[in-house]
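Structure assessment
Each chain, written out:
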Protein chains: 2
Amino acid sequence: MTEMIGSDALILPAGFRAAGSHVGIKRKHKDLALFVSDLPAAAAGTFTTNRVQGAPVRYCRQRLSESPRARAIVVNSGIANTCTGRQGMQDAERMAARTADALGTESHEVLVCSTGRIGERLPMDCIEAGLGPLAEGLSPDGGADAEQAILTTDTIEKHWTVRLSLGGTETTIAGCAKGAGMIEPNMATMLAFLFTDAAVHPAGLSEALRSAVDGSFNRVSVDGDRSTNDTVLILANGAADGPVLDDRHPDWPAFQTGLADVCRHLARKIVLDGEGATKFVTVRVKGAASPGEADRAARAVANSLLVKTGWSGGKPSWGRVMDALGYSGAEFDEGAVGLWYDDVETVRGGASTGRDQQAAAIAAGSEFTVTARLGRGSGTAEIWTCDCTEEYVRINA
Amino acid sequence: MTEMIGSDALILPAGFRAAGSHVGIKRKHKDLALFVSDLPAAAAGTFTTNRVQGAPVRYCRQRLSESPRARAIVVNSGIANTCTGRQGMQDAERMAARTADALGTESHEVLVCSTGRIGERLPMDCIEAGLGPLAEGLSPDGGADAEQAILTTDTIEKHWTVRLSLGGTETTIAGCAKGAGMIEPNMATMLAFLFTDAAVHPAGLSEALRSAVDGSFNRVSVDGDRSTNDTVLILANGAADGPVLDDRHPDWPAFQTGLADVCRHLARKIVLDGEGATKFVTVRVKGAASPGEADRAARAVANSLLVKTGWSGGKPSWGRVMDALGYSGAEFDEGAVGLWYDDVETVRGGASTGRDQQAAAIAAGSEFTVTARLGRGSGTAEIWTCDCTEEYVRINA
């Protein structure tokens, strides 16, 4: 049985502690977070596919390729440590080393993430001065402070917890995420940190994470941009004292499902917290020539500024959806296309069904699904997105 | 010698007449335009690459593939006649036939364009009733009325005229365009109508148009969307009594340059009239692995909502530009990238030069150029775009 736990703050699994505080990178808000496992943990990560990558992304990639194990994740918000050249990499390494000092562990056991403005150096003095007190403040209840310290333009905290029995042992998978604007699919496009007290074989952990991310964070589109620092990390420390899981264990599917559930809930919250967003829209494409073409078509719709501003005005904007499908690059015959808003068919055989009023009633709501059938093959895809409001522009201007 | 003529309204070359009026498709503004050549004219067109195409686009493609000649262009604004199925094609054909009746010419000599809302039928009764009076009102000075009747959300009329000597004959090339939102490159993404009293061989005319469109309308990006109805048409009627031009004529390059000039001026006005736009930005990419990769990188920057909203706030947003280059799909090594705002180098070797204040002074202006050097090869590209303001969202919501 899997139990989903919606709570006011991040609940950490057994054997994890966290802390978050303000060390002066941002003006007022918490800006430094620390997540620590009391036991050595299996670790895995997925990272942005952007060719421009923050120093912490390059650092973590390198670290995890050397050894899939870690004890701690240190995260700052406010400055991304991106486009900072060699100095940036030295700063990321130094941040890991000073964190290890504060924890009495080894520098290679510390993963590092940064989010915020591009092109500025980290204020290493603030960070180094802050790490000692932060480590002293670590607590099993520190999730609330830590998850606040990773936020930037986010307006809500994003966390989710599931409890499930794996090999007869009560186990927890929990996570928190950061991300509001600059969100596009094809990799996380935000920060997410996942923790479990299950014992998981590192190779399996990596595979399970990849699959969960693909079905969740990679389904998300807020504004079509992929960030330079997007990172999802998971630590599995085995503190629940259950069996070591891998893909041959009978409860492996349950673990995979639990992890996917946590990621889906976090990804959904990222869309709902899209800068200025007022609507959650699922874009489904069916009947494409291939899954890749379905994905391309769904993303073209979900990333169309015209479609998204239309939705913000409460209009179905199905003509703009047709337009976006048309320039997506997906192959189809216009005369075969069908379009639905929830269960209202607005386009049949490429032409209007005249049911604009019913579609408008659906688009006036805060959540709906747009389904396009391309009549070409069996490729399907689903993308989650939001509307684009004047508020989005105000935030980013 | 080429003389550029900036005027208050479209100046038609010899042997052309035009008219524009309100027939009731839109509530108040002019909505039906007619452009007529007194002599049979060579004709050519370029059209949207969108898979979803308005009936008039399919009609004109078909017409011009049968014969590269025409006498008239009839255009309505308000309704696009797109996603209207077989009925839509019948309406486009009927619009051509009734126009031919009013002009006393043949239906196959009439080209048809529509722009406006997708998914609605044209009000054929209004259009048919309006065509007679419109034809009666045709005048060599009718360009002003006609160019007003093709507009939708445009806030300014867009026209340009050049006069040049071709084969010793004083010749005119003139044009008008419509387009403000829904503007992306890779084909016109708007309506433009070009007229010349030069005599031009149809095959050459088609080639010259393609080349001029590629260097102008296809360089434009306002919001990344390509419309279903984008069309550029040219009529060359020979009324100037000059020699018949083709690519072996010594003055062919002069004709090509003149046509390209008109297209560039119209395209530039479309960007300046981008919905809510306050800045004209040229995005140049140099040193890409290929021209195609340069184009992809430049478009990623020009279409990035984050970049464009940043510009609207008067910020250089160079971190967001780096991010967009990174996810564009163009191959490059981050450590080799250079970035300039006009002549201010903001990024060298992938890292900030610290010249943010100087860049901010440039981005505060109403026109600037962002140049990215990828250090990979010799591919270059240039895209013209604008900022994205709250006003854009207001207009489209």
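Residues numbered from 1 in each chain as written. Chains lettered and ligands numbered in written order. Predicted model: local features only at pLDDT ≥ 70, side-chain atom pairs only at ≥ 80, totals over all residues. Heavy atoms only, no water.

**Description of the overall build of chain A**
Assigned secondary structure in chain A consists of 11 helices and 18 strands. When its C-alpha atoms are laid out on the principal axes, chain A stretches across 70 × 50 × 35 Å. Of the contacts formed within chain A by residues at least 6 apart in sequence, a portion of 80% connects residues at least 24 apart. When the accessible surface of chain A is summed, it comes to about 13700 Å², and 46% of that surface belongs to carbon and sulfur atoms. Side-chain charges of chain A comprise 39 positive and 49 negative groups, with the mean position of each set lying 4 Å from the other. (Helix = DSSP H or I, 4+ residues; strand = E, 2+ residues; numbered from the N terminus. Contact = heavy atoms within 4.5 Å. Areas by Shrake-Rupley, 256 points an atom, 1.4 Å probe, with all protein chains shown as cover. Lys, Arg positive; Asp, Glu negative; His and termini not counted. Charge placed at Lys NZ, Arg CZ, Asp CG, Glu CD.)

**Points about the sheet that holds strand 15 (residues 344-348) of chain A**
Read across the open sheet, the seven strands follow the order 10-18-13-17-14-15-16 (chain A); overall the sheet is mixed. One side of each edge strand has no neighbouring strand; the edge strands of this open sheet are strand 10 (220-221) and strand 16 (351-352) of chain A. (Pairing = 2+ DSSP bridges.)

**Quick notes on the pattern of salt bridges**
Per the counting criterion, the structure on display carries 38 salt bridges over all chains. The partner of glutamate 120 of chain A in a salt bridge is arginine 117 of chain A, with the nearest N and O atoms 2.7 Å apart. The closest approach of N and O atoms between aspartate 295 of chain B and arginine 219 of chain B, which form a salt bridge, is 3.2 Å. With aspartate 295 of chain B in helix 7 (residues 291-303) and arginine 219 of chain B in the loop between helix 5 (202-214) and strand 10 (220-221), the pair connects residues that are 76 residues apart, well separated along the chain. Here aspartate 295 of chain B matches arginine 219 of chain B in class, with each residue buried. Put simply, Asp214, Arg219, Asp295 and Arg299 of chain A are held in one network by salt bridges that share partners. (Salt bridge = Lys/Arg side-chain N within 4 Å of Asp/Glu carboxyl O. Buried < 20%, exposed > 50% of the residue type's maximum accessible area, 1.4 Å probe, protein only.)

**Regarding helix 7 (residues 291-303) of chain A**
Residues and elements named next belong to chain A. The terminal C-alpha atoms of helix 7 lie 18 Å apart, and with 13 residues this matches the ideal 18 Å at 1.5 Å per residue to within 8%. Listing the buried residues of helix 7 in full gives Glu293, Ala294, Asp295, Ala297, Ala298, Arg299, Ala300, Val301 and Ala302. Of the surrounding elements, those touching the buried residues of helix 7 are strand 10, strand 13 (280-288), helix 8 (305-312), helix 9 (318-327) and strand 18 (379-386). (Expected span 1.5 Å × (residues − 1).)

**Notes on the side chain of glutamate 334 of chain A**
Mapped onto the fold, glutamate 334 of chain A is located in the loop between helix 9 and strand 14 (338-341). Buried charged residue glutamate 334 of chain A carries no salt bridge. Nearest counter-charge: arginine 58 of chain B, at 4.1 Å. At 2.9 Å, the side chain of glutamate 334 of chain A and the backbone nitrogen of glutamine 53 of chain B are in polar contact. Apart from residues lying up to four places away in sequence, glutamate 334 of chain A is in contact with Gly349 and Gly350 of chain A together with Arg51, Val52, Gln53, Arg58 and Cys83 of chain B. (Polar contact = N/O pair within 3.5 Å; in protein donor to acceptor, adjacent residues only side chain to side chain.)

**Thoughts on the state of the cysteines**
Considering all chains together, one arrives at zero disulfides over all chains under this definition. Here cysteine 113 of chain A is not cross-linked by a disulfide; its sulfur's nearest cysteine counterpart is in cysteine 60 of chain A, at 4.7 Å. Cysteine cysteine 126 of chain B remains unbridged, with the sulfur of cysteine 113 of chain B as its closest cysteine sulfur at 19 Å. By relative accessible area, which is 21% here, cysteine 126 of chain B ends up partly exposed. (Disulfide = S-S within 2.5 Å.)

**Notes on the environment of aspartate 197 of chain A**
Residues and elements named next belong to chain A. Mapped onto the secondary structure, aspartate 197 falls in the loop between strand 8 (191-196) and strand 9 (199-200). On a C-alpha basis, the gap between aspartate 197 and aspartate 241 in space is 7.9 Å, while along the polypeptide they are 44 residues apart. When residues no more than four places from it in sequence are discounted, the contact partners of aspartate 197 are Pro13, Ala14, Phe16, Thr171, Thr172, Asn237, Gly238, Ala239 and Ala240.

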